[in-house]
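Examination of the molecular architecture
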Amino acid sequence: MTSEAAIPNGLDHQVDSCLTTNDKNSVCDDQENQSATKLDNDKELILKLDNLLLDDQNDPEIYFHSYKSENEMSSIMTLISGTLSEPYSIYTYRYFIHNWPDLCFLCSNRQTNELIGAIVSKLDLHKKVLRRGYIAMLAINKEYRRKKIASKLVLMSIREMIRRGCDEIVLEAEVNNDAALNLYENLGFLREKRLYRYYLNGVDAYRLKLWLK
Amino acid sequence: MQETIGDTTYNWTDVTTEFADLCRNLPVGEVLRDEDFTLFEAMTALELMDPKMDGGMSIKNHFHEQKHGNRTLTLPQLIEKKLVKTSSLTPTELIHLFDQLLSTFHMWLDGHSLALTLYTCVYVHDIPIIEDYPLRTICYTFVKLIDYIRERILLKAGLFEEEDFSGTLTYNFPFYRDTIKDQTCLSDLKKCEDELNKRLRSLKHESELNQSEINATQQLIHRIRFLRLFFGVTLRFNEANEKTNEQTYLNSEEILRNLKQIDELLLLIRPSHVVDDETATSPDNAELIIPISSLADIARSFDPYYNYRQLPPAFNRFIRQLILPSCVYTFLGSICQQLRRMLEVNDKRTLKQAFEFFVEYSTNEKPSLFIRSLLLLSYLPSVQGCLLSSRKIFGQISFTEQVKYEMRLFIVPPLLTLKYITIDQETINYGENFFQRACVPFSNLFYSLCNNRARTREKLSNLLDEFSVLQDESEKLDQWLHKYFLQHILQANLSTLNAQTLLLIEKTSYFFQFILHWTLLIMEYYLLMGFDLSLYSKRELYDVYFYFAQIILFTHINVYKTSTNILNTTIPMLIQINQKHQQISKNQTSNIFVQQFNSLIQQHSNDDPLMDSANDSNPGQKKNKRKNLNGLLSTNTDHHEQEVALIHGHFAMSTAMHRCLKALELERRLRFSSTDANYFLRDEIRYRHRFLPFANLCAPPYMPHADFLHIQNLSDNRYTPKELYQDAINNFSQAKTYFESYLNRLTISKQQTLNRTFTTSFTSLADVESYIRIAKTNCVVLKLLLSGHKSDMKIDFDFTLHAHYPTLKL
């Protein structure tokens, strides 16, 4: 994760109201045709995503849900800080999750309600022109790995970002993190650049990007 | 309750219960905050008492052991409490301190902050009160050394980004700039050395020899001498004349001499090694063992937490152990190696040679920020208030002269070759304007190559925008000059005037071709760096190799053809015209441009394409075959011979790659596909973004995706897999041939190769050797595929032999 300079959109991130695709269309007046085709493309993508998510027979043991309240914050933090290398304060979690609760997807055990997986993301205006989605954190409990839970969470996040109108989605991943690199690259993310010594421990990272437009 | 910290006494009131009670009134998820303080700002908050974030917690633990409360003692306080000594230090103590300081220097060069390196030494915070002369001198020198590198080298070169260097933060640490000058340190070190040598002599004359003290003193002398030489060498880089603030000429012979002395010293220095066990010895006596008991009086001299409270909150707070002296001295040895190698830049007398050197150096040596900065400053020394493009190469040659000379070498434009023409003011202005503007992207090119590799690639993509503007400008200049020169040449009225040659000169866009040539070089390097940094996914390979071969390399081959043709065809005529007018003009060069770089021509008269045989001062030289600028024998028709061989090699390799990729796709032998259900990146979108840096160029002209698909279709889709495999095999064979002939020509004329990794454009010897092996292997695999071997098996790509081209794996 980077300390991204989120562009001050003057709204203190009360973002829900302006992130619907309707509003986006009203902005591109002179490009109505283009935005119409973009919308079709988006619809196409969302359909594809819906099909993918429904296709996979869910393991009856687990269920997916969105973030609901601060009560879930503690388990999210425990899960994520247990798996990621960088230390984050509770305010970092709150920044993302309180501002973009609809972009925080969780996976829990049906019986014990234990939190198994979480993805934390945001969607913002980048340099005043680009709507950029950002996946800040993704973590799966060790015992539940290799069950495609991570891909599903990522798909859910991408779907929501596309629904809201998104030009590109980015994230950073360590160069040695093959699992993450494979996951995202199979979805269409490319290595846009290499970030030298990105992490506190001096390791390089790749900026992964999925171009949608 | 009351608490005293330092000089202040605080009266605290505990409000925990009240606060907790009030909080109960907040619903779950509600946050109370100030208007301007959003969650975004809150991300930089520290959680009190969290050991990862709250510096005080770590210090608290640290000091808990020391039982001195929450305070960092200043040097005077430590002296007063007799916790550290500042007078009469033994040689062993001095050696230990020296090695520790050297270790902090190494870590600082590596990118760690001053607060966590040099200034963890308590002595450095208040050097004037140190009584011991050697210690005082050593401390001053390390501070001055780091200060000089910071100010005159790292900051002046300006190559660093966040990830390289945190040295802009100085935490109000003392640098003693007014107290002591650099030169004074050098003379003080000499004095120390002399005094210690006297002491050593007297020790050796004692009736009972104290061998350990003799050894320690000798080792100390070596270290002080090393520091003096090393600091001396550093001071020679980007040395500014104190009075004029102008760049002084880099005396590389002197530096090389000093480096040799340093190397010899490094062999003599035995790095110290502190041990608990008094009886420990070092195998083969390579290290100087120091029992920890002999360091009791200076145990508090280094404190990694000394500046902890000053670190900015979001800072990297990893406290690293100081690196072991044996590693540090090895590191210093390699620094000297790199410096020696880096000084070879001084004999790179054309932009092309300099470019090749910079590429080779950054690829093979993987230099640190320090060395990269030195490289840039050796090539383009900084001058106060001067832009990069106005700097002089090696502090001597104006950049515009160098650029013009380069153009002359590449394509002999009449404007830069006809000596005895008078050029009108308007044309001079037009031309001069263009040459000045050309300096900006060319100087930026060298700047870009000195960044860390990840940043270099980014900067190259920005550079392409600058080159696209230059392409426009060059076209305009060419148009202006076309008619102009036709007149001049007709007036020359040569009996041997060849209509064909005239037509050629009329048709050729000289400056455009030159700019295009460099644009293509940058595009090629940019694309290949993508492989070096492992940026391309397997699904992209087809498009990348296709673009590389059929658009970039294809264009470049034509540019070389054009240039070679011009050189071969027009040079005789240009020489004739010059000769014809020489007498009349009484040997006075009237072409102002040629006048300007006359000294460059004289220096390299052997290599000048217009080597004027009538001008030879030494008639015997005429008989010698000319050596081109790389020291290789060449004849008149061999212009760009090496470059052309390599580019054909690359072209063949890439063509082979995209042909076999297409064949593999048709035979469904690939493990992936961009038509996978969960693949969300559309080819057209990927194409547009990946090749975005190429979008603004005049040439090669940007192709919309539909057109790109169309030419791909024409090129590859009409054929069967078998035909494609065969073509790929042919291309890999061809590549092998081109590369092998390139190597053969090099080995014939080995004189100048010595220890160099020979690089032409951006391809080194090692690269070529790998490419040959890859071509061979792929031929074998492809022959198997051609015969239908294991038709159900998928193919994988292995980039371990070389990042640029994979070997195919069954």
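Placed above this text is the structure.
The structure contained in this document is the topic of the report that follows. In this text the structure is predicted, and so the values were computed from the model without any measurement.

**Quick word on the overall build of chain B**
A tally of regular secondary structure across chain B gives 25 helices and 10 strands. Counting only residues that meet the buried cut, chain B has 53% of its 810 residues in that class. In chain B, the share of contacts with a sequence separation of at least 24, taken over all contacts with a separation of at least 6, comes to 78%. Element-wise, carbon and sulfur atoms account for 51% of the exposed surface of chain B, whose accessible area totals about 37,400 Å².

**Description of empty space enclosed by the protein**
Residues and elements named next belong to chain B. On inspection of all chains with the given rule, the structure shows 9 cavities of 30 Å³ or more. As a volume, the second largest cavity reaches approximately 90 Å³. Together, 12 residues line the second largest cavity, and Pro 414, Leu 481, His 482, Phe 485 and Tyr 510 are the ones closest to its centre. Elements that contribute at least two residues to the lining of the second largest cavity include exactly α15 (453-492), α16 (499-507) and α17 (510-532). Top contributing element to the lining of the second largest cavity by residue count: α15, with 5 residues. Here the residues of the lining of the second largest cavity are counted per class, giving 9 nonpolar, 1 polar and 2 charged.

**Focus on the nonpolar core**
By size, the foremost hydrophobic cluster in this structure holds 236 residues, and its most contacted members are Tyr 123, Phe 226, Phe 237, Tyr 379, Phe 442, Phe 511 and Phe 694 of chain B. Ranked by the residues each element gives to this core, the list is headed by helix α18 (residues 541-584) of chain B, at 21 residues. Sequence-distant contacts of Tyr 123 of chain B, that is, excluding residues within four places in its chain, are made with Leu 75, Val 84, Lys 85, Thr 86, Leu 89, Leu 97, Ile 130, Leu 135, Cys 139, Ile 298 and Ser 301 of chain B. In this structure, Phe 96, Ile 135, Ile 162 and Phe 189 of chain A belong to the second largest nonpolar core, which totals 75 residues.

**Examining the packing of aromatic side chains**
All chains considered together, the criterion is met by 50 aromatic pairs over all chains. Where Tyr 547 of chain B meets Phe 694 of chain B, the ring centres are 5.6 Å apart and the plane angle is 20°; that geometry is what we call stacked. Linking Tyr 547 of chain B in helix α18 with Phe 694 of chain B in the loop between α22 (683-690) and α23 (705-717), this pair joins segments that are 147 residues apart in sequence. Residue Tyr 547 of chain B is classed as buried on the basis of its relative accessible area, which comes to 1%. These aromatic residues form a ring-pair network of at least three members: Tyr 526, Tyr 542, Phe 546, Tyr 547, Tyr 687, Phe 691, Phe 694, Tyr 702 and Phe 708 of chain B. A cation sits over an aromatic face here: Arg 94 of chain A above Tyr 91 of chain A, 5.4 Å from the ring centre. Just above the ring of Tyr 526 of chain B sits the side chain of Arg 457 of chain B; from NZ or CZ to the centre is 4.0 Å.

**So, the packing of helix α10 (residues 325-342) of chain B against helix α12 (residues 369-379) of chain B**
Residue and element names in this part refer to chain B. One can describe the packing of α10 onto α12 by two numbers: an axis separation of 11 Å at closest approach and a directional angle of 20°. With respect to α12, the axis of α10 lies roughly parallel. Seen from above, α10 lies across α12 with right-handed handedness. Between α10 and α12, the contacting residues are Ile 335, Gln 338, Leu 339 and Met 342 on the first element and Phe 370, Ile 371, Leu 374, Leu 375 and Ser 378 on the second. Across the contact of α10 with α12, the residue classes tally to 7 nonpolar, 2 polar and no charged.

**So, a negative patch on the surface**
On the surface, Asp 34, Glu 35, Asp 36 and Glu 41 of chain B cluster together to form a negatively charged patch. Since its relative accessible area comes to 52%, Asp 34 of chain B is described here as exposed.

**Some words on the layout of surface pockets**
Residues and elements named next belong to chain A. Taken as a whole, the second largest pocket encloses approximately 1,300 Å³ of empty space. Lining the second largest pocket are 39 residues, with Leu 138, Ala 150, Ala 179, Ala 180 and Leu 183 sitting closest to its centre. Of all the secondary structure elements, the ones that give two or more residues to the lining of the second largest pocket are β4 (130-140), α5 (149-163), β5 (168-174) and α6 (178-187). Along the lines of polarity and charge, the residues of the lining of the second largest pocket split into 23 nonpolar, 7 polar and 9 charged.

**Considering helix α4 (residues 90-99) of chain A**
Counting buried positions over the 10 residues of α4 of chain A gives 8, a clear majority of the element. Regarding α4 of chain A, the residues found buried are Ile 90, Thr 92, Tyr 93, Arg 94, Tyr 95, Phe 96, Ile 97 and Asn 99 of chain A. In this fold, the buried residues of α4 of chain A make contact with α3 (73-83), β2 (104-109), β3 (115-126) and β4 of chain A together with α2 (39-42) of chain B.

**Some remarks on the sheet that holds strand β7 (residues 205-211) of chain A**
All names here are of chain A. As summarised here, the arrangement of the 7 strands in space is β1-β2-β3-β4-β5-β7-β6, forming an open sheet in which the pairing is mixed. Of all strands in the sheet, those with a lone pairing partner are β1 (62-66) and β6 (190-195), marking the two edges. Pairwise comparison of adjacent strand axes, ignoring direction, gives a mean angle of 25° for this sheet. Where β6 lies against β7, 5 bridges are found, and the strand directions are antiparallel. The residue bridging Arg 191 from the neighbouring strand is Leu 208, located in β7. Contacts from α4 reach β2, β3 and β4 within the one sheet, and its direction differs from that of β3 by about 70°.

**Thoughts on the side chain of Arg 349 of chain B**
Residues and elements named next belong to chain B. Assignment of secondary structure puts Arg 349 in the loop between α10 and α11 (351-364). No salt bridge forms around the buried Arg 349; measuring N to O, its nearest opposite-charge neighbour Asp 347 is 7.2 Å away. With sequence-adjacent residues up to four places away left out, Arg 349 is seen in contact with Phe 394, Gln 396, Ile 397, Gln 402, Gln 603 and His 604.

**Quick notes on the interface of chain B and chain A**
Contact residues are listed per partner, giving 41 residues for chain B and 43 residues for chain A. Between chain B and chain A, a total of about 3,800 Å² is buried, with carbon and sulfur atoms accounting for 62% of that surface. Applying the counting criterion to the chain B and chain A interface returns 1 salt bridge. With a shortest N-O distance of 3.9 Å, Glu 458 of chain B and Lys 193 of chain A are connected by a salt bridge. If you look at where chain B meets chain A, you find 7 residue pairs in polar contact (both at pLDDT 80 or more). Elements represented by at least two residues in the side of chain B that touches chain A include exactly α2, α15 and α22 of chain B. Among the elements that take part in the side of chain B that touches chain A, α22 of chain B stands out by supplying 5 residues, more than any other. Here the residues of the side of chain B that touches chain A sort into 16 nonpolar, 9 polar and 16 charged.

**Some words on α17 of chain B**
Residue and element names in this part refer to chain B. With 23 residues, α17 ought to run about 33 Å at 1.5 Å a step, and its terminal C-alpha atoms sit 33 Å apart, in line with that. Counting buried positions along α17 yields 22 of 23 residues, so the element is predominantly enclosed. One or two positions beyond α17, positive phi appears at Ser 534, with a value near 55°.

**Quick word on unusual backbone geometry**
Residue and element names in this part refer to chain B. The linkage connecting Ala 699 with the following residue, Pro 700, adopts the cis geometry, with an omega of -10°. Relative to the helices and strands, Pro 700 resides in the loop between α22 and α23. Of note, Ser 88 is a non-glycine position whose phi angle comes to about 50°, a positive value. Along the chain, Ser 88 turns up in the loop between α4 (75-80) and α5 (91-109).

Procedures and definitions
Residues numbered from 1 in each chain as written. Chains lettered and ligands numbered in written order. Predicted model: local features only at pLDDT ≥ 70, side-chain atom pairs only at ≥ 80, totals over all residues. Heavy atoms only, no water. Helix = DSSP H or I, 4+ residues; strand = E, 2+ residues; numbered from the N terminus. Buried < 20%, exposed > 50% of the residue type's maximum accessible area, 1.4 Å probe, protein only. Contact = heavy atoms within 4.5 Å. Areas by Shrake-Rupley, 256 points an atom, 1.4 Å probe, with all protein chains shown as cover. 1 Å grid on protein atoms, 1.4 Å probe; cavity = no way out; pocket = protein on both sides within 12 Å on 5 of 7 lines; lining within 4 Å. Points joined across faces, edges and corners; volume = space filled by probe spheres on them. Nonpolar A, V, L, I, M, F, W, Y, C, P; charged D, E, K, R; others polar. Core = buried A, V, L, I, M, F, W, Y, C linked by side-chain atoms within 4.5 Å. Phe/Tyr/Trp six-rings, centres within 6.5 Å; stacked < 30°, edge-to-face > 60°. Lys NZ or Arg CZ within 6 Å of the ring centre and 35° of its normal. Axes fitted to C-alpha atoms, helices over the stretch in contact; angles between N-to-C directions. Parallel < 35°, antiparallel > 145°, perpendicular 65-115°, else oblique. Left-handed = near helix turned anticlockwise from the far one by under 90°. Patch = residues over 30% accessible without salt bridge, like charges linked within 9 Å, V, L, I, M, F, W, Y side chains within 5 Å. Salt bridge = Lys/Arg side-chain N within 4 Å of Asp/Glu carboxyl O. Lys, Arg positive; Asp, Glu negative; His and termini not counted. Charge placed at Lys NZ, Arg CZ, Asp CG, Glu CD. Pairing = 2+ DSSP bridges. Buried area = accessible area lost by both parts, 1.4 Å probe. Polar contact = N/O pair within 3.5 Å; in protein donor to acceptor, adjacent residues only side chain to side chain. Expected span 1.5 Å × (residues − 1).

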